[in-house]
Amino acid sequence: MVLKGNSVESKWLRSPRPNPQAQLRLFCFPYAGGSDLTFRTWPRELPPDVEVCGVQLPGHGNRLRENSIDRIEPLVAALAPQLLPYLDRPFAFFGHSMGALISFEVARWLRRNHAPKPECLFVSGRPAPQIPDPERRTYDLPEPEFIEELRRLNGTPREVLEHPELLQLMLPIIRADFGLCQNYRYQPETPLDFPIIAYGGTGDVEVSYEQLRGWHDQTSASFSQRMFEGDHFFLISAKLDLLKVLSSELEGLIMKNITRLAANQML
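Residues numbered from 1 in each chain as written. Predicted model: local features only at pLDDT ≥ 70, side-chain atom pairs only at ≥ 80, totals over all residues. Heavy atoms only, no water.

## Some thoughts on the overall build of the protein
Filter applied, for reference: Elements are defined by DSSP. Helices are runs of H or I of four residues or more, strands are runs of E of two residues or more, and each kind is numbered from the N terminus. Radius of gyration means the value over C-alpha atoms here, while the globule rule gives 2.2 Å times the residue count to the 0.38 power. Relative accessibility thresholds used throughout: buried, under 20% of the residue-type maximum; exposed, over 50%; partly exposed, between the two (1.4 Å probe, protein chains only). Whether two residues are in contact is decided by their heavy atoms, any of which lying within 4.5 Å being enough. Charge assignment: positive for Lys and Arg, negative for Asp and Glu; neither His nor the chain ends contribute. Positions of charges follow a simple convention, taking NZ of Lys, CZ of Arg, CG of Asp or CD of Glu.
Within the protein one finds eight helices and nine strands. Scaling as 2.2 N^0.38, a compact globule of 267 residues should have a C-alpha radius of gyration of about 18 Å, and the protein matches this with 18 Å. Dimensions of the protein along its principal axes, counting C-alpha atoms only, are 65 × 40 × 35 Å. Burial analysis of the protein (267 residues in total) assigns 52% to the buried set. Long-range contacts, defined here as pairs at least 24 residues apart, represent 80% of the contacts in the protein between residues at least 6 apart. Taking the average place of the 29 positive charges on the side chains of the protein and the average place of its 33 negative ones, the gap between the two points comes to 5 Å.

## Some thoughts on the packing of aromatic side chains
Just so we agree on the cut-off: Stacked, tilted and edge-to-face pairs are distinguished by plane angle, under 30 degrees for stacked and over 60 for edge-to-face with tilted covering the rest, among Phe, Tyr and Trp rings (Trp via its six-membered ring) whose centres lie within 6.5 Å.
By the definition in use, this model includes 12 aromatic pairs. Ring geometry for Trp42 against Phe94: centres 5.1 Å apart, planes inclined by 70°, an arrangement best described as edge-to-face. Placement of Trp42 in the loop between strand S4 (24–29) and strand S5 (50–55) and of Phe94 in strand S6 (residues 91–96) is noted, with a sequence separation of 52 residues between them. Across the pair, exposure class does not vary: Trp42 and Phe94 are buried alike. Their ring planes at 85° and their centres at 5.5 Å tell us that Tyr199 and Phe228 sit as a pair that is edge-to-face.

## Thoughts on a nonpolar patch on the surface
Our working rule: Residues enter a patch when their relative accessible area is above 30% and they make no salt bridge; the linking distance is 9 Å between like charges and 5 Å between nonpolar side chains (Val, Leu, Ile, Met, Phe, Trp, Tyr). In this description, accessible areas are obtained by the Shrake-Rupley approach with a 1.4 Å probe, and a residue is regarded as covered only by the protein chains that are shown. The term salt bridge refers to a side-chain nitrogen of Lys or Arg lying within 4 Å of a carboxyl oxygen of Asp or Glu.
A surface patch of nonpolar side chains, about 230 Å² in accessible area, is lined by Leu64, Leu166 and Leu169. In this fold, Leu166 is placed in helix H5 (residues 164–182).

## Concerning the pairing of strand S8 (residues 196–201)
Let me state the cut-off plainly: At least two DSSP bridges between two strands are needed for those strands to be called paired.
The buried count for S8 comes to six of six residues, which makes it a mostly enclosed element. Relative to S8, strand S7 (residues 121–124) runs parallel, the two sharing four bridges. Across the sheet, Phe122 pairs through a bridge with Ile197, a residue of S8.

## Structural notes on the pattern of salt bridges
Counting across every chain of the model gives 13 salt bridges. Where Arg25 meets Glu51, a salt bridge forms, and the shortest distance between an N and an O atom there is 2.7 Å. Taken together, the residues Arg25 in strand S4 and Glu51 in strand S5 connect sequence positions 26 residues apart. Using a relative accessible area of 0% as the deciding quantity, one classes Arg25 as buried. In this structure Glu51 comes out as buried when scored by relative accessible area, which is 0%. Across the salt bridge formed by Glu189 and Arg112, the nearest N and O atoms sit 2.6 Å from each other. Here Glu189 is found in the loop between H5 and S8, whereas its partner Arg112 is found in helix H2 (residues 98–112), with 77 residues between them in sequence. Look at the salt bridges and you will find they share partners, linking Glu105, Arg108, Arg111, Arg112 and Glu189 into a network.

## Some words on the packing of H2 against H5
The criterion, for reference: Every angle, taken between N-to-C directions, lies between 0 and 180 degrees, and every axis is a line fitted to C-alpha atoms, over only the stretch in contact when it is a helix. Orientation is classified from the angle alone, with under 35 degrees giving roughly parallel, over 145 giving roughly antiparallel, 65 to 115 giving roughly perpendicular, and any other angle giving oblique. Definitions for this section: a left-handed crossing has its near helix turned counterclockwise from the far helix by less than a right angle. A right-handed crossing has that turn clockwise. Residues are sorted three ways: Asp, Glu, Lys and Arg are charged, Ala, Val, Leu, Ile, Met, Phe, Trp, Tyr, Cys and Pro are nonpolar, and all the rest, Gly among them, are polar.
H5 packs onto H2 with a crossing angle of 55° between their chain directions and a minimal axis gap of 10 Å. Classified by the angle their axes make, H2 and H5 are oblique. Relative to H5, the crossing made by H2 is left-handed. Along the contact surface, H2 presents Met98, Leu101 and Ile102, while H5 presents Asp177, Leu180 and Cys181. Split into classes, the residues belonging to the contact of H2 with H5 amount to five nonpolar, no polar and one charged.

## Topic: the environment of Leu246
Among the secondary structure elements, Leu246 is positioned in helix H8 (residues 239–266). Put simply, Leu246 and Gly61 are 185 residues apart on the chain and 25 Å apart in space, counted from C-alpha to C-alpha. Here Leu246 is in contact with Leu26, Trp42, Leu46, Phe94, Phe122 and Tyr199, once residues within four sequence places are set aside.

Spelled out as structure tokens, the structure:
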């Protein structure tokens, strides 16, 4: 792990546009089967004072030679300490689907270990963690049925599904990610003391409005919810609308920190 000019460079984190002078870092956690590439264009649409840091999990992206981790506890135990050197300025977490779950548990790990906390947790396309998942297990389905499940979810690129060699490369990764989510067991803790903002898709059959609203119970600070047109992967289909809203929220966080710093300097 290397810190170059206070910007991010790590096998766990990739910044598509390093910004050592950033006022805020946004750590982005991918969905099942995804990688940091999901967030590579985000700096073009987000405020220039924000440094986007895509989280790269073992077995994903440029870490394909590593074994994927199919349980959340060992993943968080491995990932969270790697973030600590980069929490040297205000930061926020954004996670979609599996990424929302991981970011939530990383935030709780930081609290348990008395580390800096996020300014905000943005959770997207994921039911609140305390809500039992009624869905059947799919991560261990026979291959033809598992592939059909991927088609149904509409999140795996068509070129992957139609390319046998690429599909065989991706299947173990996606199975491991599904296993991580479907074997998750929520353990109650005190609600987080920073804001949570939840995003959802109006046509998402996997996550209802009520399930998304359950995130309200995970914070003692403010909570808000915003819906976008699209299915479970509105993150892609409604990307520009999502990033416009996210930009406004991030600008608010930056101004809040500037105001707080100025007030402290006057004391």
